Amino acid sequence: MNTESDRIPHPNWLLFALAVGGFAIGTTEFATMSVLPYIASGLHISEPIAGHLISIYALGVVIGAPVIAIFGARFSRRSLLLVLMAFFALAHLGTMLAPSYNSMMLFRFLSGLPHGAYFGVGALVAAAMVTPEKRTQAVGLMMLGLTIATTLGVPLSSWLAQAVGWRVVFFIVAILASITVILVALFLPPNCMQGSGSSAVRELSALTNRQIWLTLAIGAIGFGGMFGIYAYMASTLEDITGMSPKSVPLVMCLYGVGMTLGNIIVPRLVGRHVMSGLAWLLVWSAVMLALYPFAVHYPYWICIQVVLIGMSGAVGTLLQIRLMDVAKDAQTLAAALNHSAFNAANALGPYLGGLTIAAGWGWTSTAWVGVILAIIGIIVWWFTVCEEKHTNIKSQLPK
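A brief look at the structure comes next. (Residues numbered from 1 in each chain as written. Predicted model: local features only at pLDDT ≥ 70, side-chain atom pairs only at ≥ 80, totals over all residues. Heavy atoms only, no water.)

## Overview of helix α13 (residues 233-241)
Among the residues of α13, those classed as buried are M233, T236, L237 and T241. One side of α13 carries all its buried residues, which in axial view fall inside an arc of 100°. On its buried side, α13 packs onto α12 (224-231), α14 (248-270), α15 (274-295) and α16 (299-310). Downstream of α13 by a residue or two, G242 has a phi angle that is positive, lying close to 85°. (Buried < 20%, exposed > 50% of the residue type's maximum accessible area, 1.4 Å probe, protein only. Helix = DSSP H or I, 4+ residues; strand = E, 2+ residues; numbered from the N terminus. Arc of directions from axis to C-beta. Contact = heavy atoms within 4.5 Å.)

## A few points about the pattern of salt bridges
This structure, assessed with the given rule, holds three salt bridges. Salt-bridge contacts for R135 lead to D325; the nearest nitrogen and oxygen are separated by 2.8 Å. Separated by 190 residues along the polypeptide, R135 in helix α7 (residues 135-142) and D325 in helix α17 (residues 315-326) bring together distant segments of the chain. (Salt bridge = Lys/Arg side-chain N within 4 Å of Asp/Glu carboxyl O.)

## Re the environment of G120
Mapped onto the fold, G120 is located in helix α6 (residues 101-128). Linking G120 and N392, residues 272 residues apart in sequence, is a C-alpha distance of 27 Å. With residues up to four places along the chain from it excluded, the contact list for G120 reads Q320, A335, A336 and H339.

## So, the packing of helix α11 (residues 210-222) against helix α18 (residues 331-358)
Contact pair α11 / α18: the axes reach a minimum separation of 7 Å and the direction vectors enclose 35°. Two packed elements cross with a definite hand, and for α11 against α18 that hand is right-handed. Contact residues: α11 offers I212, L216, G219, A220 and I221, while α18 offers A334, L337, N338, A341, A344, A345 and L348. Residue composition of the contact of α11 with α18, grouped by class: 10 nonpolar, two polar and no charged. (Axes fitted to C-alpha atoms, helices over the stretch in contact; angles between N-to-C directions. Left-handed = near helix turned anticlockwise from the far one by under 90°. Nonpolar A, V, L, I, M, F, W, Y, C, P; charged D, E, K, R; others polar.)

## Observations concerning the side chain of S103
Within the secondary structure layout, S103 lies in helix α6. Given a relative accessible area of 15%, S103 falls into the buried group. Polar contacts involving the side chain of S103 include one to the main-chain carbonyl oxygen of S100, which spans 2.9 Å. (Polar contact = N/O pair within 3.5 Å; in protein donor to acceptor, adjacent residues only side chain to side chain.)

## What to know about the packing of aromatic side chains
Per the counting criterion, the structure on display carries eight aromatic pairs. Aromatic pair W166 and F170: ring centres 6.0 Å apart, planes at 80°, arrangement edge-to-face. Across this residue pair, the class does not change: W166 and F170 are buried. Arranged with centres 5.9 Å apart and planes meeting at 90°, the rings of F227 and F342 form a pair that is edge-to-face. Linking F227 in helix α12 with F342 in helix α18, this pair joins segments that are 115 residues apart in sequence. Pair check on accessibility: F227 and F342 agree, each one buried. (Phe/Tyr/Trp six-rings, centres within 6.5 Å; stacked < 30°, edge-to-face > 60°.)

Below, the structure is given as structure tokens:
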């Protein structure tokens, strides 16, 4: 165990606390899509306009992750986690009470700000509690909250929006965030995780590290196809598979099941061989996406296929560990940027998939977009490995 971890009396409970925060964030990120019609009706706006609430949240994530990581570097990780989730809870109370579309846009943007920094700092805390060989597993367990949210949080939110109203969904997210604050305060002692005495200048050094940018590119490009499939899965299942609207949410849940299984299985298989694991996940993603257009014609096969595609979601854990390995003095910023990259993938995949659908190539064309993105991701991975080897050889040459 690490020296820091020896001062944590209940590490498993702390991992649980971090996962609860991940569940709250995952629920608000994905459930907003499922309750969008109810929000539109409640605010008296069209669904396309209401869809901007998703985009503004993602913008908050992209901006908040690096900014908070840079300026929060000198604070202890415990303090950062507590402040981030307290802010997240307050922003969701504001979202619940928002009287108009404009005010809700503001609170959705504010809600997105802590997202990336929370997962980044949480991953550093989780990794510090265990030996180097078990870092990937620890981060994977912390990320289970996010993946379980896609399995349980999304359908429960949809049901609550229908039964009680959409505002209660954001109230529950605020409650979960508040519980996270209490649990972290209880199970992460004040003298733990003081950070590395970093500063804004040292964190900004990440922006000059090519390995960090290349690693982020692997995630932002290579795994955009997963999000492209997910964004248009409901329409694909109804129009091609022939499923009823009531059955679609159940299949969508299987995507979350796959992500959860991936975060349990893949880290155990990979161990410390993170780059090799990323390569295999890219190949896995390309193959599974290539099978998707054939599977959608058969209800039972598509259920299995959705789980297998979802397992590629373990890439988030592997990229988080990889960024820790190459970040040097910019640990917090590099870890937080991982979620900016994932939101870039969340924008890239659906955008390109939407273009192919609009061009008349059909719902399943999103899969081929994903295959191409995965192949490009493999090329970026290969370039990353070559660049790292070249740098290592150059550093060993006599000056």
